[in-house]
Amino acid sequence: MSVEHAQVQRAEFDQVMVPNYAPAAFIPVRGEGSRVWDQTGRELIDLTGGIAVNSLGHCHPRLIAALTEQAHKLWHVSNVFTNEPTLRLAKKLEQATFADRAFFCNSGAEANEAAFKLARRVAHDRFGPQKYEIIAALNSFHGRTLFTVSVAGQPKYSDGFGPKIEGIAHVPYNDLEALEAAISDKTCAVVLEPIQGESGILPAEQAYLEGARRLCDRHNALLIFDEVQTGVGRTGELFAYMHYGVVPDILSTAKGLGGGFPIGAILTRTELAQHFSVGVHGTTFGGNPLACAVAEAVIDVVNTPEVLQGIKAKHERFKARLQQIGEQYGIFSQIRGMGMLIGCVLSEPCKGKAKDVLVAAEQADLMVLQAGPDVVRLAPSLVIEDADIDEGLLRLERAVARLVRG
Ligand SMILES: *Cc1c(COP(=O)(O)O)cnc(C)c1O
């Protein structure tokens, strides 16, 4: 059965939507793998992955099967009842990680909100009300709720909304001495992205995460890893902490977990989880059967040696070609990141032009992202075909050539 829909156009966005986004000039209507088609039938290659969300590209058959199978069974029951997909997903995540408890919600911000509240609750219960300080990194990003913008501490996201959440300190990323100077027995948690995503795809140094772990242990503070962007295979391991061998106390994840279906989660251990006793925290949609059924299929596909190994191989394929484009046109000074989370740092003469690269790429039928004004970000499907990588980067080269020639 097909339903007749009214015609809509991009121009209407500016009339009917709250203007907090500035979407591209075209409207995608269909996707398959790493290809997307717009209203006019134009085909684009998608290296954005819906901002590191579409882990298996568009309309992956395994995810369609999981979603439609569950759609015929049970959509939602609330947390007054549990459901089978929730329990299966929790068990799978726990078998695959350090964790033995999961809490499900609907987004990255909501996962971090839960992580920060849990950290404060644990400290409050164990050590008393004076231990509430959270230390976060400068230029970090943890979501757009008031708590998460307060923690991230970027004025462009946190200012102008009245009083912020108090008890948060900020230190430069990858600076262990600064963290050591800031941490104290008042600290309840240190929160870090293993790779700073939004602010430029900047990976943590090994010694930094190891040192952060040590300092947290010394001060009875919890180490929270925000793996909303780096989680679920994005870096070539199921979670980025596995690259470093540094285990957090609480891990938040979201984006790639649902492969395009909204879901977020925190993972932790029983002795911490117990501080969220009945009624202390909650969310109506969290653990929704549709979301969990899809996420379970995502984990089944991603958490295999073939796919994880493939992500590392694809990284090398991207990197070699991007370096070549960067050198030939003098546009990139560095290609950084891990797995299918890649930052192309614009060279000195091209600084601030990430948005121009996005626009030029779109004109060459290619979708890419930026991470701040100075970094072009790629976060494609974890199973993108080599042919799509090659064709995508050919289009990127055309866009760059046009841009550089003016
Ligand atoms: C995207 C992101 C968030 C926020 O996730 P939402 O689903 O947009 O709320 C939080 N932390 C990191 C590291 C992210 O990349």
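For the chain, the name recorded in an unreviewed UniProt entry is Acetylornithine aminotransferase, with Azotobacter bryophylli as its organism. As stated in UniProt under Subunit (unreviewed entry), the record for the chain gives "Homodimer." Regarding the chain, the UniProt comment filed under Subcellular location (unreviewed entry) reads as follows: "Cytoplasm".

A. A look at the environment of Thr 86. In this fold, Thr 86 is placed in helix H4 (residues 84–96). A sequence separation of 188 residues divides Thr 86 from Gln 274, and the C-alpha atoms of the two residues are 18 Å apart. Once you skip the residues sitting within four places of it in the chain, Thr 86 turns out to touch Phe 104, Gly 287 and Cys 292.

B. Seen up close, the UniProt feature "binding site: N(2)-acetyl-L-ornithine" (unreviewed entry) in the chain. UniProt records the feature "binding site: N(2)-acetyl-L-ornithine" (unreviewed entry) for Arg 144 and Thr 283 in the present numbering. The annotated residues named above include Thr 283 as those lining the second largest pocket. Leaving out residues up to four positions away in the same chain, Arg 144 has contacts with Ala 109, Val 149 and Tyr 157. Within the secondary structure, Thr 283 sits in the loop between helix H11 (270–273) and helix H12 (289–302). Setting aside residues no more than four positions away along its own chain, Thr 283 makes contact with Asn 79, Phe 103, Phe 104, Cys 105, Asn 106 and Glu 110. Within polar-contact distance, the side chain of Thr 283 engages the side chain of Asn 106 at 3.3 Å.

C. Representation of the site of the ligand in the model. Neighbouring the ligand are the residues Ser 107, Gly 108, Ala 109, Asn 112, Phe 141, His 142, Gly 143, Glu 193, Asp 226, Val 228, Gln 229 and Lys 255. A distance of 2.7 Å is found between an oxygen atom of the ligand and a backbone nitrogen or oxygen belonging to Ala 109. At 3.2 Å, a backbone N or O of Phe 141 approaches a nitrogen atom of the ligand. When the free accessible area of the ligand is taken as 380 Å², the share hidden by the protein chains comes to 81%. If one sorts the elements of the shell around the ligand by residue count, helix H5 (residues 108–127) sits on top with three residues.

D. Region of the structure containing the sheet that holds strand E4 (residues 101–105). Reading across the sheet, the seven strands line up as E4-E12-E11-E10-E7-E5-E6 and stay open at both edges, with mixed pairing between neighbours. Each edge of the sheet is formed by a strand with only one pairing partner; in this case those strands are E4 and strand E6 (168–171). Each adjacent strand pair in this sheet contributes to an overall mean axis angle of 20°, direction not counted.

E. Representation of the packing of aromatic side chains. The final tally for this structure, using the stated rule, is five aromatic pairs. Look at Phe 98 and Tyr 241: their rings are 5.6 Å apart centre to centre, the planes differ by 85°, and that puts the pair in the edge-to-face class. Taken as a pair, Phe 98 in the loop between H4 and E4 and Tyr 241 in helix H10 (residues 241–244) lie far apart in primary sequence, 143 residues in all. Judged by its relative accessible area of 17%, Phe 98 falls in the buried class. For Tyr 241, a relative accessible area of 6% translates into the label buried. Ring centres of Phe 141 and Tyr 157 lie 5.5 Å apart, and the angle between their planes is 70°; on these two criteria the pair is classed as edge-to-face.

F. View of H4. For H4, which comprises 13 residues, the first-to-last C-alpha distance of 19 Å matches the rise-based estimate of 18 Å (1.5 Å per residue) to within 8%. Among all positions of H4, only Pro 85, Thr 86, Leu 89, Ala 90, Leu 93 and Glu 94 are buried. Down the axis of H4, the buried side of the element spans an arc of 160°, and every buried residue falls inside it. Of the exposed residues in H4, the ones pointing more than 90 degrees away from its buried face are Glu 84, Lys 91 and Gln 95. Contacts from the buried residues of H4 go to helix H3 (61–71), E4, strand E12 (264–268) and H12.

G. Seen up close, the pairing of strand E1 (residues 28–32). Of the pairings in the sheet, the one linking E1 to strand E2 (residues 35–38) comprises four bridges and is antiparallel in character. Residue Gly 31 lies in a different strand from E2, and its bridge partner there is Val 36. If you look at the hairpin formed by E1 and E2, you'll find two residues sitting between the two strands, and Gly 33 has a positive phi there, around 60°.

H. Structural view of the pattern of salt bridges. Evaluated as defined, the whole model comprises 26 salt bridges. Lys 312 is the partner of Glu 237 in a salt bridge, and the nearest nitrogen-oxygen pair spans 3.1 Å. Pair noted here: Glu 237 is in the loop between strand E10 (222–226) and H10 and Lys 312 is in helix H13 (residues 305–329), with a separation of 75 residues, a long-range link. Glu 237 gets classed as partly exposed once you look at its relative accessible area, which sits at 22%. For Lys 312, a relative accessible area of 28% corresponds to the partly exposed category. Residue Asp 390 is joined to Arg 317 by a salt bridge in which the shortest nitrogen-to-oxygen separation is 2.8 Å. Within this pair, whereas Asp 390 is found in helix H15 (residues 386–405), its partner Arg 317 is found in helix H13, the two being separated by 73 residues in sequence.

The rules behind each value
- Along each chain, the written sequence defines residue order, and numbers are assigned to residues from 1.
- The predicted nature of this model means local features are confined to residues of pLDDT at least 70 and side-chain atom pairs, given and counted, to a pLDDT of 80 or more, with totals for whole chains, interfaces and linings taken over all residues.
- The side-chain values count all of the structure's non-hydrogen atoms but skip hydrogen atoms and water molecules.
- UniProt positions are given in the numbering used here, feature names are shortened, and annotations may be inferred rather than shown by experiment.
- By the criteria applied, helices consist of DSSP H or I runs no shorter than four residues and strands consist of E runs no shorter than two, each listed in order from the N terminus.
- Contact criterion: two residues are considered in contact whenever any of their non-hydrogen atoms come within 4.5 Å of each other.
- Here a cavity denotes grid points, spaced 1 Å and computed from the protein atoms alone, that fit a 1.4 Å probe unable to get out, and a pocket denotes an open set having protein on both sides within 12 Å along at least 5 of 7 lines; residues with an atom within 4 Å of a point are the lining.
- Here a polar contact means two N or O atoms within 3.5 Å. Within protein one must be a hydrogen donor candidate and the other an acceptor candidate, and residues neighboring in sequence count only if both atoms are side-chain atoms.
- By convention in this text, a residue qualifies as near a molecule or strand provided that one of its non-hydrogen atoms is within 4 Å of it.
- Each accessible area is a Shrake-Rupley result for a 1.4 Å probe, and residues are judged covered by the shown protein chains and nothing else.
- When DSSP locates at least two bridges between a pair of strands, those strands are taken to pair.
- Axis angles are defined between N-to-C directions and span 0 to 180 degrees, where every axis is a line fitted to C-alpha atoms and, for a helix, only to the segment in contact.
- By convention, a stacked pair of Phe, Tyr or Trp rings (six-membered ring in the case of Trp) has centres within 6.5 Å and planes under 30 degrees apart, an edge-to-face pair has planes over 60 apart, and any other such pair is tilted.
- Exposed residues in this analysis have more than 50% of their type's maximum accessible area, buried residues have under 20%, and partly exposed residues fall in between, with area computed by a 1.4 Å probe over protein chains only.
- Helix span is expected to be 1.5 Å times the residue number reduced by one.
- When we speak of the arc, we mean the arc of directions from the helix axis to the C-beta atoms.
- By definition, a salt bridge exists where a carboxyl oxygen of Asp or Glu is found within 4 Å of a side-chain nitrogen of Lys or Arg.

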